[in-house]
Amino acid sequence: MSHATDSIAVTASPRPRTRALALACLLALASPWAMAQGNDTPGFGLNYWPRSYKGCEALTDANWPAARQAVAADLDLMKSLGADVLRLSLYMETSGYPAGVGSSIDPDYCKHLPDLLSTIENAGFKTVIVFSNTYLLRHQAGTYDNWQDPSLGYHAQSNGYWQFVMHSKAWIDRMVGLAGDRESILYYDIQNEYDADRANIDYYFRTIYSESAIPAGKRGISILDVPADISSANWHSIPKQLEVLGGTLSHVEFHSYPTVPKAGCPLHGDIESVYDQMRAAFPASTKIVLGEFGRATTQAFDPAPDAGPYLPQCNTSEQPDRRWDEPRQRQTELDLIGRAAAKGIPYYLHWMLWDNTPKSDDFNPANPNHQVYGYGYGPHAPKDVIGALAEQRGRVPNADFEQLAQIGQLPQRWDKGSWGPANSAPPVSLFVSGGPNSGEAATGDHYARLQAQQACAACVIWMQADAFDIGPGRRVHMNAYLRSNLAGVQMKLVQYDAQWNVLATNVAPAMTASGWSWNNYAVRFREQNPASASASWSVTTVPGTARAIVTIGGTPITAPAILDVDAVSVAAD
């Protein structure tokens, strides 16, 4: 079987000389009695921004080419984990709109927002655009709102707040104009985490609602404090403001950080109860969304035992965020995802993929510059939650190699193969490796190792998962974390009809792993295949497709030849 095909087109296939042998090997190894079933319930998504979180600086002429490549890889990963929706937060100060009387905008900032949105749309995502106006927040000393900072000049003028609001409106209008009329945009969040306790926030909301360019059918808001900010007894609450406006919202969000205390209590760990309260406060036409959720982590394992469930009691004397380990993040994330889906919440969005957002003043764990809610410490350093999501939401069976793993034994529901000219195929072994506390696995405790003891520059070795059911016209997204000394490592999707006849073979771009460390496949193949850098790679199943098999392999140019594989994420639209 050839893994050297260059094309990434949907019709790509191995070279004709090796195609029959390759497909015969795959067919012989298929396991039709052990089909995998994905459970990627709709509505899951993430808050996102291109890596390093420079805001609209990433969307300037100088930075967009590199950012575009990173975005395409991130989209492949998120799609392969079953994500459907992305929530993009825009900040005035990083959008080329510095606040201040007489300030001027930088037109180059956010210039490529249309390209970012098109890239996201073409990858199959819906989008939420969020306006996070930090000038409405309290000054660091807590004595006045940020817009009142004397250096900005608003506070010294009798109509200073109006000027600030008009400046904010101009920023929002420009972003809406750049975004354009896109069906893929679900709604605009007028202000991230509306808090009725903030002075004049009601005037700000009413002005942006009534006078900004946000389309009437796509107005939304995220609310921080439930039930206070949805109470009919609170004049500044959103329902009261809508009553004054005679208006409505298409979407209203709440956020959930179950281990982050707000006034001594977790922030909405009880998502079912909060959803019910929100549902009762707004018309049936308004969708209630879990716009942010997450749990921080900064290390693989915290030896301090949990005293109880992950939702701490209110007014506890212990800081719940003291525990920042990956197993607890994985537990909390999967729990919230499962509960949100079971409750029928239409969208539930994790904060974020790679979390390089500015840190909160009141939250400073190990990293002083960043928050730590992301699904990885970086693109090539995933946290355990990625493997857990690949296994729980994906279509590949035993995707994280954690199911009844026995070190040195064949991983459950995976098999191996090799091919070489003139019967020269090298013998290969496939076994579970790693183990608890070994620190070797990219995610979880275990990974799979494919190994050959002889080199062969004309040969190919591979491992493959059990087949999974899938129909025609489904868009399949794939990614994995790989560590290898093979050349031309590739992922492949082989499609079959109901009688196990091969219908199509699709080969992703090849990559060579960098050093002896884990590689995010979608990132590495873009670095090494410039023609594939800016588009999301996926496969649309052909007419007649009933099932498919994923393989991963390459050429053993060195002995021993090793391919380590972990967190194989495969999902379908």
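Up top you'll find the structure we're talking about.
Caption draft 1: Structural detail: the pairing of strand β17 (residues 475-484). A large share of β17 lies buried, amounting to nine of its ten residues. Bridge count between β17 and strand β21 (residues 539-540): two bridges; the pairing is antiparallel. Residue pairing for β21: Val476 is matched across the bridge by Val539. In the sheet, β17 pairs with strand β23 (residues 561-572) via eight bridges, with the strands oriented antiparallel. Within β23, the residue paired with Met478 across the bridge is Val570. Two strands pair when backbone bridges link them, and β17 and strand β20 (residues 519-520) are joined in this way by two bridges, in the antiparallel orientation. Directly across from Leu482, in β20, lies its bridge partner Asn519.

Caption draft 2: Summary view of the side chain of Arg174. Take Arg174: it is sitting in helix α4 (residues 160-179). Although Arg174 is buried, it forms no salt bridge, and the closest oppositely charged side chain is Asp106 at an N-O distance of 7.2 Å. Among the polar contacts listed, one links the side chain of Arg174 to the backbone oxygen of Pro107, at a separation of 2.8 Å. Apart from the residues lying within four places of it in its own chain, the contact partners of Arg174 are Ser95, Tyr97, Ile105, Asp106, Pro107, Tyr109 and Cys110.

Caption draft 3: Geometry of the packing of aromatic side chains. One pass over the structure, following the stated rule, counts 17 aromatic pairs. Taking 5.9 Å as the distance between ring centres and 45° as the angle between the ring planes, the aromatic pair formed by Phe205 and Tyr209 counts as tilted. Of the two residues, Phe205 and Tyr209 both sit in helix α5 (residues 201-211), four residues apart, roughly one turn of that helix. Tyr209 shares its class with Phe205; the two are buried. With 5.1 Å between their ring centres and 70° between their planes, Tyr257 and Tyr373 make a pair best called edge-to-face. Pair noted here: Tyr257 is in strand β6 (residues 251-262) and Tyr373 is in the loop between β9 (348-350) and β10 (376-378), with a separation of 116 residues, a long-range link. You'll find Tyr257 and Tyr373 in the same group, each marked buried. Site record: aromatic cluster; members linked through ring pairs are Tyr135, Trp147, Tyr154, Tyr161, Phe164, Tyr203 and Tyr204. Sitting over the ring of Phe125, Lys79 keeps its end group 4.9 Å from the ring centre.

What counts as what
Residues numbered from 1 in each chain as written. Predicted model: local features only at pLDDT ≥ 70, side-chain atom pairs only at ≥ 80, totals over all residues. Heavy atoms only, no water. Buried < 20%, exposed > 50% of the residue type's maximum accessible area, 1.4 Å probe, protein only. Helix = DSSP H or I, 4+ residues; strand = E, 2+ residues; numbered from the N terminus. Pairing = 2+ DSSP bridges. Lys, Arg positive; Asp, Glu negative; His and termini not counted. Salt bridge = Lys/Arg side-chain N within 4 Å of Asp/Glu carboxyl O. Polar contact = N/O pair within 3.5 Å; in protein donor to acceptor, adjacent residues only side chain to side chain. Contact = heavy atoms within 4.5 Å. Phe/Tyr/Trp six-rings, centres within 6.5 Å; stacked < 30°, edge-to-face > 60°. Lys NZ or Arg CZ within 6 Å of the ring centre and 35° of its normal.

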